[in-house]
Each structure stands twice: as structure tokens, then as C-alpha cells.
Amino acid sequence: MNFSELKDFLDEKYDVYNHLDFIQDDPVQIPHRFSLKQDIEIVGFLSATISWGNRKSIIKSAEKILDIMGNSPYDFVMNYSEKDLDSIKDKSIHRTFNGEDFAYFIKQFNQIYKENETLESLFLIHENENNFYHSIERFRQKFLGIEKHRTHKHVSSPYKNSSSKRIIMFLRWMVRNDNRGVDFGIWENIDQKFLSIPLDIHTGNISRKLGLITRTQNDWKTVEELDLVIRQFDENDPAKYDFALFGLGVTKELF
């Protein structure tokens with residue numbers, strides 16, 4: 001396919017997969033159960049953080065998290081007791097993300113929301129930046145703090161050449177607004193033109209199959225390689241092609 005044909009093909013697949021039916025089998029369904037901005041942010045970030053492995057198991061684990069928080073995430077974060085945290089620490093949550101990690105996140109959320117109305121404040125893009133490379137690292141430093149902790153591994157760093165797939169996915173949920181009902185678009189101070197594709201084994205393989213990228217690793221350098229192409233397809237909403245690549249990966253249409 002030439003450039004025009006490839007764009008038309010991906011636009012068509014984006015249109016097929018970006019609709020409300022997408023929500024029912026995807027972790028994005030978890031934050032969709034809430035209307036308060038802070039609830040959506042907290043549950044969205046937690047759901048994205050545990051998004052590796054089978055999607056059904058991710059959703060089940062996210063529901064466990066909601067249950068622990070009494071289905072009131074923001075209220076729980078702001079009003080938990082030490083007894084609440086102690087009861088969490090020994091729980092199994094999702095794979096290597098355990099109760100100790102969850103308790104750490106809750107404490108960090110508490111500190112962040114005491115100083116900020118929204119997590120958006122920690123992800124703002126600075127002048128002369130064209131993606132979230134520095135933004136994610138600024139967030140990591142603010143959210144995780146200086147003291148080393150086992151939980152730090154659950155918030156990936158693009159400075160260490162990680163694709164930061166789960167944070168990039170969370171950012172797509174919060175920033176993109178196309179009125180189709182999958183992404184929330186509740187952050188109004190960050191332009192969606194800065195978004196990238198959440199790069200994992202599936203979107204990476206499909207991208208290579210289509211000739212969008214040449215690098216073999218799924219790392220930050222490859223995220224930026226993919227950026228260069230998809231922003232030619234749509235410079236104002238490049239991350240919409242995540243739906244196309246993800247959908248093609250799930251259906252195995254190209255294999």
C-alpha cells in the first residue's frame with residue numbers, strides 16, 4: 001500500500017473499532033463507571049497500571065481494586081486510615097502489582113490531590129516539547145517521590161527508553177476527545193496532538209507488518225519512530241490510530 005492507501009485503510013479500521021462496544025471488553029470500562037473527574041483519573045490510572053496480560057483478568061483485578069476502595073476512589077484516597085492501608089498490604093491485586101504497591105499508590109495520590117485538583121497539572125506539556133517524553137518523567141518524580149520503593153517499577157520511565165505503554169494509554173483516555181464515548185477527553189489543557197500510540201507487542205507487530213516502523217524493539221525510540229508516521233496521517237489526532245492497530249491485532253486480520 002502507498003501512503004494514501006495506508007491512511008485510508010487505517011482510517012477505516014479506526015472508524016470500525018472506535019465505538020462504545022469497544023468498552024465492554026476493555027479496561028477502559030472501569031473508569032467509565034464514574035462521573036467525578038478525580039474518580040475517573042484515579043481508577044483510570046490504576047486500571048492502566050495493571051493493564052498487562054489477559055484483558056478479562058485485568059478487568060477482574062480492577063474490580064477488586066474498586067471493591068477495596070468501597071467504589072469511591074477519590075473519597076477513599078483522601079480519607080483512608082492507616083488501618084485501611086495495613087489491611088491492603090497483604091492482599092493480592094494483579095500479578096506483580098501487590099497490596100504493598102496499591103497502598104503506596106494510595107498514599108501518593110493523597111499527597112498529589114492535596115496539592116492539585118487534577119492529575120492533569122502533573123502532565124502539562126512545556127514549550128518546545130512535542131510529546132510526553134519529559135512530561136511523564138516530571139510526573140514520575142512528583143508522584144513517586146525521591147525515596148526508592150519497589151513500586152517505582154510499575155510507573156515506566158521513557159528516560160530509560162521504556163515505551164511507557166500503560167501511561168501513554170492512560171493519557172489517551174484522559175486527553176482524547178472525539179465525542180465517540182470511548183476516551184474521556186476530560187483534560188482540556190493538553191492538546192491531543194501530543195499523544196502517541198501505546199506501543200506493546202501487538203501494536204508493534206501490526207505496525208511492522210504495515211511498514212510503519214522498522215525498529216525491532218518496543219521502546220521509546222520506536223514510539224517516536226511511529227509518531228513521525230501517524231502524525232502525517234492526522235497531525236491533530238494521531239492517537240486515534242491506536243484503535244486501528246489494536247483492532248487489527250485482536251482480529252489477526254493481517255496474519
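Everything that follows concerns the structure shown earlier in this document.
Since this is a predicted model, take the numbers as computed values, not measurements.

K.L.:
Is there a simple way to think about helix α2 (residues 37-49) in this case?
P.N.:
Think of an α-helix as 3.6 residues a turn; residues three or four steps apart then line up on the same face. In this model α2 runs 18 Å from its N-terminal to its C-terminal C-alpha over 13 residues, within 8% of the 18 Å that 1.5 Å per residue would give. Taking burial as the measure, the 13 residues of α2 include twelve buried ones, the bulk of the element. Listed as buried for α2 are Gln38, Asp39, Ile40, Glu41, Ile42, Val43, Gly44, Phe45, Leu46, Ser47, Ala48 and Thr49. Lining the buried residues of α2 we find α3 (55-68), α4 (73-79), α6 (99-115), α7 (133-144) and α8 (165-175).

K.L.:
Is there a simple way to explain the layout of surface pockets in this structure?
P.N.:
Space left empty within the atom packing is revealed by a probe, the size of a water molecule, rolled over the atoms. The calculated volume of the largest pocket comes to roughly 720 Å³. In terms of lining residues, the largest pocket is bounded by 32 residues, among which Phe22, Asp26, Arg55, Phe246 and Val250 are the most central. Counting only elements with at least two residues in the lining of the largest pocket, the list comes to α3, α8, α9 (201-209) and α11 (241-251). Residues belonging to the lining of the largest pocket are distributed by class as follows: twelve nonpolar, ten polar and ten charged.

K.L.:
Sorry if this is basic, but what is going on with the side chain of Ser207 here?
P.N.:
With respect to the helices, strands and loops of the structure, Ser207 is situated in helix α9. Ignoring any residue separated from it by four or fewer positions in sequence, one finds Ser207 in contact with Leu212, Ile213, Leu226 and Leu245.

K.L.:
Where do I start with unusual backbone geometry in this structure?
P.N.:
Apart from glycine, the bulk of residues carry a negative phi angle, and the bulk of peptide bonds sit in the trans form. Positive phi outside glycine occurs at Asn71, with the angle close to 55°. Residue position: Asn71 is located in the loop between α3 and α4. Look at Asn71 and you get partly exposed, because its relative accessible area is 45%. One non-glycine residue, Asn128, lies in positive phi territory at about 75°. With respect to the element layout, Asn128 can be found in the loop between α6 and α7.

Cut-offs applied
- Residues numbered from 1 in each chain as written.
- Predicted model: local features only at pLDDT ≥ 70, side-chain atom pairs only at ≥ 80, totals over all residues.
- Heavy atoms only, no water.
- Helix = DSSP H or I, 4+ residues; strand = E, 2+ residues; numbered from the N terminus.
- Expected span 1.5 Å × (residues − 1).
- Buried < 20%, exposed > 50% of the residue type's maximum accessible area, 1.4 Å probe, protein only.
- Contact = heavy atoms within 4.5 Å.
- 1 Å grid on protein atoms, 1.4 Å probe; cavity = no way out; pocket = protein on both sides within 12 Å on 5 of 7 lines; lining within 4 Å.
- Points joined across faces, edges and corners; volume = space filled by probe spheres on them.
- Nonpolar A, V, L, I, M, F, W, Y, C, P; charged D, E, K, R; others polar.

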